[in-house]
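Geometric and topological summary
Residue-level listing of the chains:
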Amino acid sequence: MSKLCSTGLRWSWLVLVVIAIDFASKQWIMSNMMLHETKPLIPFLNLFYAHNYGAAFSFLADKGGWQRWFFAGIAIAIAVALVVMMYRNAAHNKIANIAYALIIGGALGNLFDRAYHGFVVDFIDFYIGDWHFATFNIADCGICIGAALVVLEGFLTPKDKQVKEKG
């Protein structure tokens, strides 16, 4: 087995899966819906086509454009750092490697939107009654699931393994 296959980079295919699903879903939304159009799916979930010029919860969306490149730089830095972490990780550390791959895929999916469109395409609208969560997309799902897996992995790592890694 090659050196790369024995590292966490063995899970890089998952990055491509997240990017492909994110890209395809955003293309479908842009081709089949008008901006700010809502299509009910199931109770508590709509499709709602929106442009997000900021970050999560439209943070810094109204700041004149500099935030586009700021968030693009953050996405690149995070993706590079996580690729390095995957390379340093053994392939059998599945939870961590899957988490990193999901985060990288999500970061790159939204990076493409920022670079190409100048905004991120959001379309998933979760709601309860009149309360609506911030509209999001598949890339955001990858980032959130990956982050949750990082936290989960922290709870699942045996104490003796953590001590050995520090020593």
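Within an unreviewed UniProt entry, the label attached to the chain reads Lipoprotein signal peptidase, and the organism entered is Pantoea rodasii. According to the UniProt record, the Catalytic activity (unreviewed entry) comment for the chain is "Release of signal peptides from bacterial membrane prolipoproteins. Hydrolyzes -Xaa-Yaa-Zaa-|-(S,diacylglyceryl)Cys-, in which Xaa is hydrophobic (preferably Leu), and Yaa (Ala or Ser) and Zaa (Gly or Ala) have small, neutral side chains."

What to know about the pairing of strand β1 (residues 38–42)
As paired elements, β1 and strand β2 (residues 45–52) share four bridges and run antiparallel to each other. When the sheet's bridge partners are listed, Pro40 is paired in β2 with Asn46. Hairpin geometry of β1 and β2 is characterised by an intervening segment of two residues between the two adjacent antiparallel strands and by a positive phi of about 80 degrees at Phe44.

Topic: the sheet that holds strand β3 (residues 120–128)
Reading across from one edge, β1-β2-β3-β4 is the order of the four strands in this open sheet, with antiparallel pairing throughout. Each having just a single partner strand, β1 and β4 (131–132) make up the two edges of the open sheet. Bridging between β2 and β3 involves six bridges; their strand directions are antiparallel. Bridge assignment links Leu47 to a residue of β3, and that residue is Ile124. In the packing of helix α1 (residues 13–32) onto the sheet, contacts are made with β1, β2 and β3, and the angle to β3 comes to roughly 85 degrees.

Some words on the pattern of salt bridges
Pairing is possible between side chains of opposite charge, provided their charged atoms come close. Evaluated as defined, the whole model comprises two salt bridges. Between Asp22 and Lys26 there is a salt bridge, with the nearest N and O atoms lying 2.8 Å from each other. With a gap of four residues between them, Asp22 and Lys26 both fall in helix α1, about one helical turn apart. Across this residue pair, the class does not change: Asp22 and Lys26 are buried. A salt bridge links Lys26 to Asp113; the nearest nitrogen and oxygen atoms lie 2.9 Å apart. Here Lys26, found in helix α1, pairs with Asp113, found in helix α3 (residues 94–117); they are 87 residues apart in sequence, far enough to count as distant.

Some words on α1
In this model, α1 (20 residues) spans 29 Å end to end at C-alpha, consistent with the 28 Å of a helix rising 1.5 Å per residue. Every buried residue belonging to α1 is among Leu14, Val15, Val18, Asp22, Ser25, Lys26 and Ile29, and all of these are buried. The buried side chains of α1 occupy one side of the element, clustering within an arc of 115 degrees when seen end-on. Set apart from the buried face of α1 by more than 90 degrees, the exposed residues are Leu16 and Ser31. Contacts from the buried residues of α1 go to β2, α3, β3 and α4 (138–156).

A few points about the UniProt feature "active site" (unreviewed entry) in the chain
Annotation from UniProt places "active site" (unreviewed entry) at Asp122 and Asp140. In sequence the annotated residues extend across 19 residues, while in space they remain close, none of their C-alpha pairs exceeding 9.0 Å. Residue classification places Asp122 among the buried residues on the basis of a relative accessible area of 3%. Sequence-distant contacts of Asp122, that is, excluding residues within four places in its chain, are made with Phe48, Tyr49, Ala50, Asn52, Thr135, Phe136, Asn137 and Asp140. Mapped onto the secondary structure, Asp140 falls in helix α4. What Asp140 contacts, discounting residues up to four positions off in sequence, is Asn110 and Asp122.

Cut-offs applied
- Residues numbered from 1 in each chain as written.
- Predicted model: local features only at pLDDT ≥ 70, side-chain atom pairs only at ≥ 80, totals over all residues.
- Heavy atoms only, no water.
- UniProt positions renumbered as here; feature names shortened; annotations may be inferred.
- Pairing = 2+ DSSP bridges.
- Helix = DSSP H or I, 4+ residues; strand = E, 2+ residues; numbered from the N terminus.
- Contact = heavy atoms within 4.5 Å.
- Axes fitted to C-alpha atoms, helices over the stretch in contact; angles between N-to-C directions.
- Salt bridge = Lys/Arg side-chain N within 4 Å of Asp/Glu carboxyl O.
- Buried < 20%, exposed > 50% of the residue type's maximum accessible area, 1.4 Å probe, protein only.
- Expected span 1.5 Å × (residues − 1).
- Arc of directions from axis to C-beta.

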